[in-house]
Amino acid sequence: MAKKKPVVVVTRKLPDVVETRMRELFETRLNESDRPFSQAELVEAVRTADVLVPTVTDRIDSSVLSQAGENLKLIANFGNGVDNIDVVTANNRGINVTNTPGVLTEDTADMTMALMLAVPRRLSAGIHALESGDWAGWSPTWMLGHRIWGKRLGIIGMGRIGQAVARRAKAFGMSIHYHNRRRVPGSIEEELEATYWESLDQMLARMDVVSIHCPHTPGTFHLLSARRLKLLKKDAYVVNTARGEVIDENALIRMLEAGELAGAGLDVFEHEPAVNPKLVKLDNVVLLPHMGSATIEGRIEMGEKVIINIKTFMDGHRPPDRVLPSML
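Keep in mind that this is a model prediction, so the values were computed, not measured.

Spatial strand order, E2-E1-E3-E4-E5: 5 strands in an open sheet with parallel pairing. If you trace the sheet from one side to the other, it starts and ends with strand E2 (27–29) and strand E5 (96–98), each paired once. Between one strand axis and the next, the sheet turns by 20° as a mean value, whatever way the strands run. Sheet topology note: the strand E3 (residues 51–53)/strand E4 (residues 74–76) ladder contains 2 bridges and is parallel. Residue pairing for E4: Leu52 is matched across the bridge by Ile75. The sheet strands contacting helix H13 (residues 296–314) are strand E1 (7–10), E3, E4 and E5, and the helix crosses E4 at an angle near 160°.

If you want it as structure tokens, here you go:
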């Protein structure tokens, strides 16, 4: 007798090739509309699924997990971060959690570098000047920005993405500095010519550009608090392609408005998908709609990882990308 295919509920539209493969392998229920699930729909999904495939837009908290059916044994997150999932509660209920690490490293690092160039060189202001008809021709003193060559870059979180950003920034002539929970191996420091700062406060006070690459956890919520933001130099820039909650956004806005910071490049926001209207009005910021990892190649690789995690688990083995509470 053929083995029954697991019921897999997918909460958002995924690339066609990924959905086709999932349909072949599992009894897959897709979200053709791509509209984010309501809480009631998430509850219905955890009640009926063997495997749930959520994304960053889905809050799988204890109130949802408390209503999970007996068959739900795996949450295979389509994404690198798992801050949208209550991993501790899932673990306590015997539900495995996996993610898709590694595949978005280069894409996110590329976008970080793009923001790092765009903000000091005033790319968005230049585009706006062209579109509004304000450009009257070249002038020696018009639309002056700042070079990044020779500037100090402070990386918060020296994991895969932080290191990939450091490699790019080094090629652009930046001096690499970093703060991390643990110091990286000496061979990596040597390759990147990176300086480790045990004190985040001391590093922040000396950097020209600060780039955030740590996950959002209870310990990193508002890591860049109002107090820490005030340590930055007046001509410093902040770039964030990690998670919006890591920065106290209101404090950042106040400093940008007051000219106490030179600018910011943000791909993520504290209350996504809502973006503070005050941010949108500022001309010393470049804002992107959480598209740092948005490449076709990356999304397909993410889907392949999700499928491997589900198949491995259903075959009775430990999935390669299992996330445990102790890892957070």
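The feature "domain: D-isomer specific 2-hydroxyacid dehydrogenase NAD-binding" (unreviewed entry), as annotated in UniProt, sits at residues 113–292 in this numbering. End C-alpha atoms of residues 113–292 are separated by 10 Å, and the span's content is 32% helix alongside 16% strand.

A word on the side chain of Asn31. Residue placement: Asn31 occurs in the loop between E2 and helix H2 (39–48). The buried category is assigned to Asn31, whose relative accessible area is 6%. In this structure the side chain of Asn31 is engaged in a polar contact, spanning 2.9 Å, whose partner is the side chain of Ser33. For Asn31, the side chain forms a polar contact with the main-chain nitrogen of Asp34, separated by 3.1 Å.

Turning to the packing of aromatic side chains, a few remarks are in order. Following the criterion strictly, the structure yields 1 aromatic pair and no others. Both rings, one in Tyr178 and one in Tyr196, keep their centres 5.2 Å apart while their planes meet at 45°; by these two values the pair is tilted. Of this pair, Tyr178 sits in strand E7 (residues 175–179) while Tyr196 sits in strand E8 (residues 194–196), and the two are 18 residues apart along the sequence. The exposure class assigned to Tyr178 is buried, which follows from its relative accessible area of 0%. Judged by relative accessible area, Tyr196 falls into the partly exposed class, the value being 21%.

Turning our eyes to something else, we now look at the environment of Glu260. By the secondary structure assignment, Glu260 is in the loop between helix H11 (249–257) and strand E11 (263–266). For Glu260, a relative accessible area of 35% puts it in the partly exposed group. Placed 31 residues apart in sequence, Glu260 and Leu229 show a C-alpha to C-alpha distance of 9.4 Å. Beyond its immediate sequence surroundings of up to four residues, Glu260 is in contact with Lys230, Lys233, Lys234 and Met255.

Quick notes on the rules
All residue numbers here refer to positions counted from 1 along the written sequence of the relevant chain. A pLDDT threshold of at least 70 governs which residues receive local features in this predicted model, and a stricter bar of 80 or more applies before side-chain atom pairs are shown or counted, although totals over entire chains, interfaces and linings include all residues. Hydrogens are left out, water is left out, and the side-chain values use all remaining heavy atoms of the structure. Strands are labelled as partners when DSSP assigns at least two bridges between them. Here a strand is any run of E in DSSP of at least two residues, a helix any run of H or I of at least four, and the numbering for each starts at the N terminus. Axis definition: a line fitted to C-alpha atoms, limited for helices to the stretch in contact. Angles are taken between N-to-C directions and run from 0 to 180 degrees. Every residue pair with non-hydrogen atoms within 4.5 Å of one another is taken to be in contact. UniProt positions are given in the numbering used here, feature names are shortened, and annotations may be inferred rather than shown by experiment. Three labels apply to residues, based on accessible area from a 1.4 Å probe with only protein chains included: buried if under 20% of the type maximum, exposed if over 50%, partly exposed otherwise in between. For the purposes of these results, a polar contact is taken to be a pair of N or O atoms within 3.5 Å, where, inside protein, one atom must be able to donate a hydrogen and its partner to accept one; residues adjacent in sequence count only when each atom of the pair is a side-chain atom. Planes of paired rings set the category: under 30 degrees apart is stacked, over 60 is edge-to-face and the rest tilted, where pairs are Phe, Tyr or Trp rings (Trp by its six-membered ring) whose centres lie within 6.5 Å.

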